[in-house]
Amino acid sequence: MTPEIQEYEPEAVRRTTGDAESSRASRGWWDRNADEYQDEHGAFLGDDRFVWGPEGLDEAEARLLGPAGSLAGRDVLEIGAGAAQCSRWLAAQGARPVALDLSHRQLQHALRIGGDVPLVEADAGALPFAAGSFDLACSAYGAIPFVADPVRVMREVHRVLRPGGRWVFSVTHPLRWAFPDEPGPEGLSVAASYFDRTPYVEQDETGRAVYVEHHRTIGDRVRDVVAGGFRLLDLVEPEWPDWNTQEWGGWSPLRGHLIPGTAIFVCERDG
C-alpha cells in the first residue's frame, strides 16, 4: 500500500532576509498562486479596472495619477501589474501603459484576458528601461511590500521617469503590522510591536523562504520616498466604503471601519 504523501505546510517566522532571497520567494509564490489569486479576486479587480486596494478605491474616482483627461498620450509604467487590469484601464484613458511583473504566471493571465498592453517580466529593482522613458509610474500593492531594499526600487523608478513625473504606489498600511492578520474581532487587538521591522517569512522544511513580506513604518516609507529622489505630495488612507461587504485576507468591513488597511503614497520626481 502506497503511503499518503503529506504536503508540507510552510512555517511562518520572523527573520532577516535580503534582496535575492526576497525576490526569488516572490517570483515562486506568485507563479504558484497566480491561478488561485485571479480566481478568487478577479471579479473584484475586473479586467480593466484600476483599484488601489481591498477597500475598493478606484482611480476613476480618486484621480491620484492626475485629473480626468490628463492621462491621454502619457507613457505609464505599472510595476507589479499582475494580470494588467490597471494598465488596461490606463489604456482606455488614452495612456500608453507598460505592465511589468516579476511573475511569469501572472503575466500569462494578462495574456489570457487580452488587450494590446505591452507586458514585461522583470524585477522592480532593475527596471529594463532607459532613463526618462515614462511620464508616470504606479503600483497597486505591487513589488514594494515584498522587496528588502525599497529605496533601490524608488531610485529605479526615479531614473525611468521624466522630470516632474508622478509615482503613486499603495501598500499595506504599516499600522496593520501591529495587529493579527485576521478579518474578525481577533484582528482588532495589538499583538506585536509596530516598530519591529523584522520581515515576515514563510519557509519550507529546508528553511528556504517561499514567501516574504517586509515591514516599514510610516516614517520609514516617507524617508524611502525622499531617499529615492521624490517629493511626497499626499498620503491617502482610504476609508472602508459601505458598499464593500467582502473579506480579503485580513481586510474586512469590521476592521476597515476602525483602522486603516491601505496607505497610498503620491510622489513627484524632483529634478
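Refer to the preceding data block for the structure.
Residues numbered from 1 in each chain as written. Predicted model: local features only at pLDDT ≥ 70, side-chain atom pairs only at ≥ 80, totals over all residues. Heavy atoms only, no water.

1. Concerning the environment of alanine 72
And step 1. Its location among the elements puts alanine 72 in the loop between helix H2 (59-62) and strand E2 (75-79).
And step 2. Accessibility expressed as a relative area gives 47% for alanine 72, which makes it partly exposed.
And step 3. In this structure, the C-alpha to C-alpha distance between alanine 72 and alanine 95, residues 23 residues apart in sequence, is 4.6 Å.
And step 4. If near-sequence neighbours (up to four positions away) are discounted, alanine 72 is found in contact with Gln93, Gly94 and Ala95. (Helix = DSSP H or I, 4+ residues; strand = E, 2+ residues; numbered from the N terminus. Buried < 20%, exposed > 50% of the residue type's maximum accessible area, 1.4 Å probe, protein only. Contact = heavy atoms within 4.5 Å.)

2. As for the pattern of salt bridges
And step 1. Throughout the structure, instances matching the rule amount to 15 salt bridges.
And step 2. Among the salt bridges present, the one from arginine 231 reaches aspartate 270, with a minimum N-O distance of 3.2 Å. Taken as a pair, arginine 231 in strand E9 (residues 230-236) and aspartate 270 in the segment after strand E10 (262-269) lie far apart in primary sequence, 39 residues in all.
And step 3. The exposure class assigned to arginine 231 is partly exposed, which follows from its relative accessible area of 39%.
And step 4. With relative accessibility at 36%, the residue aspartate 270 sits in the partly exposed group.
And step 5. One network of salt bridges, in which partners are shared, links Asp75, Arg96, Asp135 and Arg162. (Salt bridge = Lys/Arg side-chain N within 4 Å of Asp/Glu carboxyl O.)

3. Looking at the environment of leucine 258
And step 1. Here leucine 258 lies in the loop between helix H7 (253-256) and E10.
And step 2. For leucine 258, a relative accessible area of 60% gives the class exposed.
And step 3. Sequence separation of leucine 258 and glutamate 239 is 19 residues, and the distance between their C-alpha atoms is 8.9 Å.

4. Describing the pairing of strand E5 (residues 134-140)
And step 1. Along E5, six of the seven residues are buried, which leaves the element largely enclosed by surrounding structure.
And step 2. In this structure, E2 lies alongside E5, joined through three bridges in parallel fashion. Bridge pairing links glutamate 78 to cysteine 138 in E5.
And step 3. In terms of strand pairing, E5 meets strand E6 (residues 161-172) through six bridges, oriented parallel. Among the inter-strand pairings, phenylalanine 134 is bridged to a residue of E6, identified as leucine 161.
And step 4. Handedness of the crossover joining E5 and E6 through helix H5 (residues 150-160) is recorded here as right-handed. (Pairing = 2+ DSSP bridges. Right-handed = clockwise from strand over helix to strand, strands pointing away.)

5. A word on the nonpolar core
And step 1. The biggest cluster of nonpolar side chains holds 26 residues, and the ones touching the most others in it are Leu77, Ile79, Val157, Trp167 and Phe169.
And step 2. Only E2, strand E3 (96-101), E5, H5, E6 and E10 provide two or more residues apiece to this core.
And step 3. The contacts of phenylalanine 169, once residues within four sequence positions are left out, are Trp52, Ser139, Ile144, Met154, Val225, Ala263, Ile264, Phe265 and Cys267.
And step 4. Counting 17 residues, the second-largest nonpolar core is a separate cluster that includes Trp52, Leu57, Leu64 and Ile264. (Core = buried A, V, L, I, M, F, W, Y, C linked by side-chain atoms within 4.5 Å.)

6. A look at helix H3 (residues 85-92)
And step 1. When you tally the buried positions in H3, you get six out of eight residues, the bulk of the element.
And step 2. Every buried residue belonging to H3 is among Gln85, Cys86, Ser87, Arg88, Trp89 and Leu90, and all of these are buried.
And step 3. Contacts from the buried residues of H3 go to helix H1 (19-45), H2, E2, E3, helix H4 (104-113) and E5.
And step 4. Phi for glycine 94, located one or two positions after H3, is positive at around 95°.

All we've got here are geometric facts, nothing functional implied.
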